Amino acid sequence: MIGVDALRNAIWLATMSTAARLLATLLALVVLAAVVVGVRRAGPWLKQYVDDTVAEPIQGGIVALWTAVTTLFLVAVWRAGWLLSQGLAQINPSRQDIVAAALSVAVLVAAYALTRLSKNSIRRLSKERGAISDHQQEIAHHLVQIVIFGMAVLVVLGIWRVDPGQLLLGAGAAGVVLGLAARQTLGAVLAGFVVLFSRPFDLGDWVVIGDEEGIVTDISVFNTRIRTFDDEYVMIPNDIVTATEIRNRSRKGRLRIETDVGVDYDTDVEHAMEVAAEAMAETETPMERPDPNVVLAEFGGSSVLLRLRYYIDNPSARKMWKARTEVIAAVKEAFAREGIKIPFPQRELSGRPEAGGLAVSGVSASDVTDDEDESPEATDDDRIEREDAADSEGDE
């Protein structure tokens, strides 16, 4: 009965038109995609009953099995079995080659399973100890993956009796050439690993790197990307990052802000400091602990400078500007209420008396004094008489 059904199926497949084959291919691919999506969505439900190290191999096995079934179905639909038989006839594999191929596949599958186990171990270690961030988890996983697959490839080469020394010799010569041609890029890559594992900043931190300031949005092995407060994205090569001073404003979870304000020299400075501290304590955005405080900064050109110091938590540019605006507005209002003057910049000009007077543009000080002493109410007749006297002296 089974043989009859197989024969009927073979005859039906042989008599299919091209349109029918295309339709069958499309349906098979749609079913495969649906299986992949369904298996992926079933992952959280499956992980409720089994461990992650078991759930992920089960999902991968189901997808691989269904992919193999779909491949066999497409081979039958398009009558491509003769291609496989012809290929095997051309290769004519021996029993030893078949065993080597099976062992190679087993080694690669075991390497893949081992990388999945290492990924779960890294994730579990990070959750338990908080040693590395999510981004660094991915980097560590890829490094372990490279090492495991590198060892697996060496084992496969040994199975096929290929001397890896010759390959390594060729790879070494190629590595020297590539290293000389791309030493700057390789330097950036090495610096990227330094940045990733030294953790001077994490994603979302507010940093100042050289002349650039903003929020870290991405860290790769080649560069670091930050978003400035002007909504510009800046890519900084990691070799520049490691060679530049880095200021992380978010690392401690709080940031101290300083704002300077000047008061008149005639002001009671202690009273002004108390008024400013009370005004800052009434604002909303700055933190209550540590307390906002006021210190004397310096003697200014026209005022005594007070430095207002206060903190914000979870620092961001928006919160910093909001806190600074609240503090400035509150202190200004409090000073106005208490009659404390915030003076404008002032300059006082004075001259030292010197022998012979002070000459300005070739005019002596006595001439300037005489002109200033002249009454603006002098009559025109007096002015005319002075001019005539000057003319007569000139004629003589």
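Presented here is an overview of the structure given in this document. Predicted model, so just to flag it, every value in this text is computed and none were measured. (Residues numbered from 1 in each chain as written. Predicted model: local features only at pLDDT ≥ 70, side-chain atom pairs only at ≥ 80, totals over all residues. Heavy atoms only, no water.)

### Brief notes about the packing of aromatic side chains
Moving on, step 1. Following the criterion strictly, the structure yields 2 aromatic pairs and no others.
Moving on, step 2. Stacked on the ring of W206, the Lys or Arg R249 has its end atom at 5.4 Å from the ring centre. (Phe/Tyr/Trp six-rings, centres within 6.5 Å; stacked < 30°, edge-to-face > 60°. Lys NZ or Arg CZ within 6 Å of the ring centre and 35° of its normal.)

### Things to note about the sheet that holds strand β1 (residues 206-209)
Moving on, step 1. The strand order across the open sheet formed by 5 strands is β4-β3-β2-β1-β5, and the pairing between neighbours is antiparallel. Because the sheet does not close on itself, it has two edges, and the strands there are β4 (233-237) and β5 (246-248). The sheet shows a mean angle of 40° between the axes of neighbouring strands, taken without regard to direction.
Moving on, step 2. Relative to strand β2 (residues 212-219), β1 is paired through 4 bridges, and the arrangement is antiparallel. Bridge assignment links V208 to a residue of β2, and that residue is E213. (Pairing = 2+ DSSP bridges. Helix = DSSP H or I, 4+ residues; strand = E, 2+ residues; numbered from the N terminus. Axes fitted to C-alpha atoms, helices over the stretch in contact; angles between N-to-C directions.)

### A short note on the packing of helix α11 (residues 269-281) against helix α12 (residues 317-338)
Moving on, step 1. It is the contact of α11 with α12, at a shortest axis distance of 9 Å, that shows an interaxial angle of 135°. Here α11 lies oblique to α12, going by the angle between them. For the pair α11 and α12, the sense of crossing is right-handed. Residues H271, A272, V275, A276, A279 and M280 of α11 pack against V327, A330, V331, A334, F335 and E338 of α12.
Moving on, step 2. Its residues assigned to classes, the contact of α11 with α12 comprises 10 nonpolar, 1 polar and 1 charged. (Parallel < 35°, antiparallel > 145°, perpendicular 65-115°, else oblique. Left-handed = near helix turned anticlockwise from the far one by under 90°. Contact = heavy atoms within 4.5 Å. Nonpolar A, V, L, I, M, F, W, Y, C, P; charged D, E, K, R; others polar.)

### Focus: the nonpolar core
Moving on, step 1. Within the largest apolar cluster, 25 residues are counted, with the highest numbers of intra-cluster contacts made by V263, M280, L306, L308, Y310, V331 and F335.
Moving on, step 2. Those elements that place two or more of their residues in this core are β6 (254-263), α11, β8 (304-313) and α12.
Moving on, step 3. Considering every element that reaches this core, the biggest residue donor is α12, with 7 residues.
Moving on, step 4. Ranked by size, the runner-up nonpolar core spans 13 residues in total, among them V195, V221, V234 and V241. (Core = buried A, V, L, I, M, F, W, Y, C linked by side-chain atoms within 4.5 Å. Buried < 20%, exposed > 50% of the residue type's maximum accessible area, 1.4 Å probe, protein only.)

### Considerations on a nonpolar patch on the surface
Moving on, step 1. A cluster of nonpolar side chains, contributed by L23, L26, L27 and V30, occupies part of the molecular surface with about 390 Å² of accessible area.
Moving on, step 2. As for its placement among the helices and strands, V30 is situated in helix α2 (residues 18-41). (Patch = residues over 30% accessible without salt bridge, like charges linked within 9 Å, V, L, I, M, F, W, Y side chains within 5 Å. Areas by Shrake-Rupley, 256 points an atom, 1.4 Å probe, with all protein chains shown as cover. Salt bridge = Lys/Arg side-chain N within 4 Å of Asp/Glu carboxyl O.)

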